[in-house]
Amino acid sequence: MSLPLAKMSCPAYQCFHALKIKKHHLPLCAARWSSTSIVPRITTHYTIYPRDKDQRWEGVNMERFAEEADVVIVGAGPAGLSAAVRLKQLATKHEKDIRVCLVEKAAQIGAHTLSGACLDPCAFEELFPDWKEKGAPLKTPVTEDRFGILTEKYRIPVPILPGLPMNNHGNYIVRLGHLVSWMGEQAEALGVEVYPGYAAAEVLFHEDGSVKGVATNDVGIQKDGAPKTTFERGLELHAKVTIFAEGCHGHLAKQLYKKFDLRASCDPQTYGIGLKEVGLDYQNPYLSPFREFQRWKHHPSIQTTLEGGKRIAYGARALNEGGLQSVPKLTFPGGLLIGCSPGFMNVPKIKGTHTAMKSGSLAAESIFKQLSGENLQSKTTGLHVTEYEDNLKKSWVWKELYAVRNIRPSCHGFLGIYGGMIYTGIFYWIFRGMEPWTLRHKGFDSDRLKPAKDCTPIEYPKPDGQISFDLLSSVALSGTNHEHDQPAHLTLKDDSIPVNRNLSVYDGPEQRFCPAGVYEFVPLEQGDGYRLQINAQNCVHCKTCDIKDPSQNINWVVPEGGGGPAYNGM
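Residues numbered from 1 in each chain as written. Predicted model: local features only at pLDDT ≥ 70, side-chain atom pairs only at ≥ 80, totals over all residues. Heavy atoms only, no water.

Enquirer: Pulling in residues and values, what's your account of the overall build of the protein?
Expert: Broken down by element type, the protein carries 17 helices and 22 strands. Taking 25 Å as the expected radius of gyration for a compact globule of 570 residues, we find that the protein reaches 24 Å, a close match to that expectation. With respect to the principal axes defined by its C-alpha atoms, the protein has extents near 70 × 65 × 50 Å. Considering the protein as a whole, with its 570 residues, one finds that 54% of them fall into the buried category. In the protein, the proportion of contacts linking residues at least 24 apart, taken out of those at least 6 apart, comes to 78%. Accessible area of the protein: about 26,800 Å², with a carbon and sulfur share of 53%. In the protein, the 63 positive side-chain charges and the 61 negative ones have mean positions that sit 5 Å from each other. (Helix = DSSP H or I, 4+ residues; strand = E, 2+ residues; numbered from the N terminus. Rg over C-alpha atoms; globule rule 2.2 N^0.38 Å. Buried < 20%, exposed > 50% of the residue type's maximum accessible area, 1.4 Å probe, protein only. Contact = heavy atoms within 4.5 Å. Areas by Shrake-Rupley, 256 points an atom, 1.4 Å probe, with all protein chains shown as cover. Lys, Arg positive; Asp, Glu negative; His and termini not counted. Charge placed at Lys NZ, Arg CZ, Asp CG, Glu CD.)

Enquirer: Now, about the packing of aromatic side chains: what can you tell me, with residues and values included?
Expert: Here the structure, examined in full by the defined rule, presents 14 aromatic pairs. Pairing tyrosine 195 with tyrosine 198 gives two aromatic rings, centres 6.1 Å apart and planes at 75°, and the pair type is edge-to-face. Take tyrosine 198: its relative accessible area is 42%, and that puts it in the partly exposed class. Joined through ring pairs, the aromatic side chains of Phe124, Phe128, Trp131, Tyr172 and Trp182 make up one cluster. Taking NZ or CZ as reference, lysine 259 lies 4.6 Å from the ring centre of phenylalanine 205, over its face. (Phe/Tyr/Trp six-rings, centres within 6.5 Å; stacked < 30°, edge-to-face > 60°. Lys NZ or Arg CZ within 6 Å of the ring centre and 35° of its normal.)

Enquirer: Residues and numbers for the pattern of salt bridges, please.
Expert: In total, this model carries 26 salt bridges according to the counting rule given. Two residues, glutamate 202 and arginine 64, come together in a salt bridge whose shortest N-O distance is 3.1 Å. Here glutamate 202 is found in strand E9 (residues 200-205), whereas its partner arginine 64 is found in the loop between helix H1 (10-21) and strand E1 (66-74), with 138 residues between them in sequence. Its relative accessible area of 15% is what places arginine 64 among the buried residues. Between aspartate 267 and arginine 440 there is a salt bridge, with its nearest N and O atoms 3.0 Å apart. Taken together, the positions of aspartate 267 in the loop between helix H6 (251-260) and strand E14 (271-273) and arginine 440 in the loop between helix H13 (416-430) and helix H14 (471-476) put the pair 173 residues apart, joining distant regions of the chain. Its relative accessible area of 48% is what places arginine 440 among the partly exposed residues. (Salt bridge = Lys/Arg side-chain N within 4 Å of Asp/Glu carboxyl O.)

Enquirer: Break down the pairing of strand E12 (residues 227-232) for me, with residues and values.
Expert: By the bridge criterion, two bridges tie strand E11 (residues 219-221) to E12 in an arrangement that is antiparallel. Its bridge partner lying in E12, isoleucine 221 is registered against proline 227. Where E11 folds back onto E12 in an antiparallel hairpin, the turn is made up of five residues, including glycine 225, whose phi is positive at roughly 95°. (Pairing = 2+ DSSP bridges.)

Enquirer: Please provide a residue-by-residue account of the sheet that holds E14, values included.
Expert: Reading across from one edge, E15-E14-E16 is the order of the three strands in this open sheet, with antiparallel pairing throughout. The outermost strands of the open sheet, each flanked by one partner alone, are strand E15 (278-279) and strand E16 (318-320). Where E14 meets E15, two bridges bridge the pair, whose relative direction is antiparallel. By the bridge assignment, isoleucine 273 is partnered in E15 with valine 278.

Enquirer: Hey, could you go over the sheet that holds strand E7 (residues 172-173) for me, with residue numbers and the actual values?
Expert: The sheet built from three strands is open, its strands ordered E3-E7-E4 with antiparallel pairing. Only two strands of the sheet have a single neighbouring strand rather than two, namely strand E3 (118-119) and strand E4 (140-141). Bridge count between E4 and E7: two bridges; the pairing is antiparallel. When the bridges of E7 are listed, proline 141 appears paired with tyrosine 172.

That is the geometry; function is a separate question.
Structure (structure tokens):
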């Protein structure tokens, strides 16, 4: 809802009035705000503007149909599919009838999966010991590693010693989307009900507060938030246990963190963005991860590899980089978290697929044991499978993450990345991470940005169209598509903040940190100043905006099912 200044609270009005007085004493970027007293309406999504207060929804049938299952899994990535496959393997072995339903927001299994992936096959081989006979798409074993530090013009070789996490001996180069698609076929063959194109939009709860299941998103809503004649409610999926495998920074997991206080005893999660891993803890608001990637490709040691090649695809995805310190509590009444949702990435190894798969398998084994027990008892209606977290901490996943827990935070000391390398050489390679202390992360990535007035604008070279490219032609190669006439799924808690704070203080960092050109500051149609324009159709579902927004005003929610990128084996 747009509010004139006259209706603001007294402190808010005084704050805005003080900013107006100081307007001419701020840098140029701080003068870019609206002079009108009415904030342009941007967000129309029902999560911000409830439909029960909207007259346009009066008389609309809001009843939802419900399906019952034993286990519902949200997300058909490596973790979710591993959990589904393992559950049905155990059910077949022990002749138990367990209904497993898996929902995935992508139109096809694997279409939202993005990874560079150099796969450590250990967990995959545990799950599919006969994967070669079944024709799994692991075709290219690693034959050579090269690791180095890049200066402005040179590359300093760094030896990869046996035992270092960067050693890729025994791993495979894979197109992870194709591998995930193959896993989906295996899951369906075992009897898993797989539903691509259905986005889980809401967590459902029993009266006792335990998780009841999820509801898929409604369809047939106009861009302005009104119902279309084709409006249909989503489907409710109820389960004894719901597994959340949404991937990094899942929007349902965020709600669960708050409701069950799952992050009370861990460090804040910290992130990177997988274009070419750019840490999202950077401080200069003028930095553009996409343009840093384009510039990186022109480094003399990189460019020679790319010359003569053809750009065939593009994508981006946020990565969990917090490691062991940032893993939240994993279980709660009625549900649990697996994979990159809680964050099991081995950061120095730059791998998380194997740990995600193993977490899914361990979750399945823990759930099956509880479901198949003759004396099934629970204090809550939704089962609380506490054994999963215990089993994970006894597994090689926890041992692996513990050993490397201090490597990334060691890079934030006085010597930066060089200090991190020295630390790794001493405490990991020699002592294998057995030091009796754990380094902490310094805070949220969203709090790291400095005001624009304290930073120097970054001048990036223009793309040459051969090695480096512009943003929009790159996004076009991601296959991204959303129904245009629907409310933007990039929602704002307060429509005034992008201009009044982000633009005035940080020179609008959302127009740079988004790798898909979703956010633009454009001139107002009437009067002076700017407004934020959200090009939601461009969104590649990377979640960077939700993570890096310095005001934490952006809340990413699911669009209509099937929308988003269409990666082909990325």
